[in-house]
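# Fold and contact review
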Amino acid sequence: MYTEKVMDHFENPRNVGEMADANGIGEVGNATCGDITKIYLKVEDNIIKDIKFKTFGCAAAVASSSMLTEMAKGKTIEEALIITDQMVAEELDGLPPQKMHCSNMAAQAMHVAIEDYRKKQGA
Ligand code: FES
């Protein structure tokens with residue numbers, strides 16, 4: 001039911017883990033299934049220099065988080081904010097319709113992390 005890309009990112013997740021010196025952190029939960037995604041950012045000169053994630057969730061949620069980190073790394077904050085759940089799902093060559101909601105957490109958690117970063121900068 002999953003594409004090869006989803007399986008690859010689920011089995012070999014990129015940028016997984018915590019980040020001690022993150023300057024932006026965002027956490028989003030899915031009320032329906034109870035799963036959670038946390039995104040850690042290290043922003044320097046308005047660029048996402050490093051990004052890590054921790055996801056307690058299904059294969060689609062883990063793969064979406066992994067793909068999101070690859071899409072956001074090296075981008076400016078403004079470029080990263082354009083990334084949507086839909087774009088993450090498309091990069092994974094699609095998700096089964098009943099699993100589309102699982103892709104929601106990754107981009108949302110990054111948006112919350114960027115908000116957190118901006119707050120910490122006093123913006
Ligand atoms: Fe919870 Fe997929 S079932 S994120």
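Refer to the structure printed above.
So, here is what we can say about the structure in this document. (Residues numbered from 1 in each chain as written. Predicted model: local features only at pLDDT ≥ 70, side-chain atom pairs only at ≥ 80, totals over all residues. Heavy atoms only, no water.)

### Re the packing of helix 2 (residues 59-72) against helix 5 (residues 104-120)
Cut-off, in case you're wondering: Lines fitted to the C-alpha atoms define the axes, with helices restricted to the stretch that makes contact. Angles between their N-to-C directions range from 0 to 180 degrees. Here a strand is any run of E in DSSP of at least two residues, a helix any run of H or I of at least four, and the numbering for each starts at the N terminus. The labels follow the angle: roughly parallel below 35 degrees, roughly antiparallel above 145, roughly perpendicular from 65 to 115, and oblique for the rest. Handedness of a crossing is defined here by the sense of rotation of the near helix relative to the far one, left-handed for an anticlockwise turn of less than a right angle and right-handed for a clockwise turn. Residues count as neighbours in contact if any of their non-hydrogen atoms are within 4.5 Å of one another.
Running from N to C, helix 2 and helix 5 point in directions that differ by 45°, and their axes come no closer than 7 Å. If you check the angle between helix 2 and helix 5, you find them oblique. Like other packed secondary-structure pairs, helix 2 and helix 5 cross with a definite hand, here right-handed. Every residue of helix 5 that contacts helix 2 at Ala61, Ser64, Ser65, Leu68 and Ala72 is listed here: Met105, Ala106, Ala107 and Met110.

### Digging into the pattern of salt bridges
Oppositely charged side chains can form a pair if their charged atoms are brought close together. Convention followed: Criterion for a salt bridge: a side-chain nitrogen of Lys or Arg within 4 Å of a carboxyl oxygen of Asp or Glu. Buried, partly exposed and exposed residues are distinguished by accessible area as a fraction of the type maximum, computed with a 1.4 Å probe on protein chains only: under 20%, between the cut-offs, and over 50%, respectively.
Enumeration according to the criterion identifies 9 salt bridges in this entry. The partner of Lys54 in a salt bridge is Glu18, with the nearest N and O atoms 2.6 Å apart. One end of the pair, Lys54, is in strand 3 (residues 47-56); the other, Glu18, is in the loop between helix 1 (4-11) and strand 1 (24-29), and 36 residues separate them in sequence. Since its relative accessible area comes to 26%, Lys54 is described here as partly exposed. Taking the shortest distance from any N to any O, the salt bridge between Lys120 and Asp116 comes out at 2.8 Å.

### Some remarks on the environment of Lys99
Counting through the fold element by element, Lys99 comes out in the loop between helix 4 (85-91) and helix 5. The spatial distance from the C-alpha of Lys99 to the C-alpha of Cys58 is 9.2 Å, given a sequence separation of 41 residues. Not counting residues up to four positions away in its chain, the partners in contact with Lys99 are Met1, Tyr2, Cys58 and Ala60.

### Here we look at the pairing of strand 3
Rules: A pair of strands is treated as paired once DSSP finds two or more bridges between them.
Two elements, strand 2 (residues 36-44) and strand 3, share 9 bridges in a ladder whose sense is antiparallel. Each bridged residue has a counterpart across the sheet, and for Lys38 the counterpart in strand 3 is Lys54. Hairpin connection, strand 2 to strand 3: the antiparallel pair is bridged by 2 residues, and Asp45 has positive phi, about 50°.

### Description of the side chain of Asp85
How we decide: Positive charge is attributed to Lys and Arg, negative charge to Asp and Glu, and no charge count is given to His or to the chain ends.
Tracing the backbone shows Asp85 in helix 4. Lacking a salt bridge, the buried Asp85 has Lys75 as its closest oppositely charged neighbour, with an N-O distance of 15 Å. When residues no more than four places from it in sequence are discounted, the contact partners of Asp85 are Ser103, Asn104, Ala107 and Gln108.

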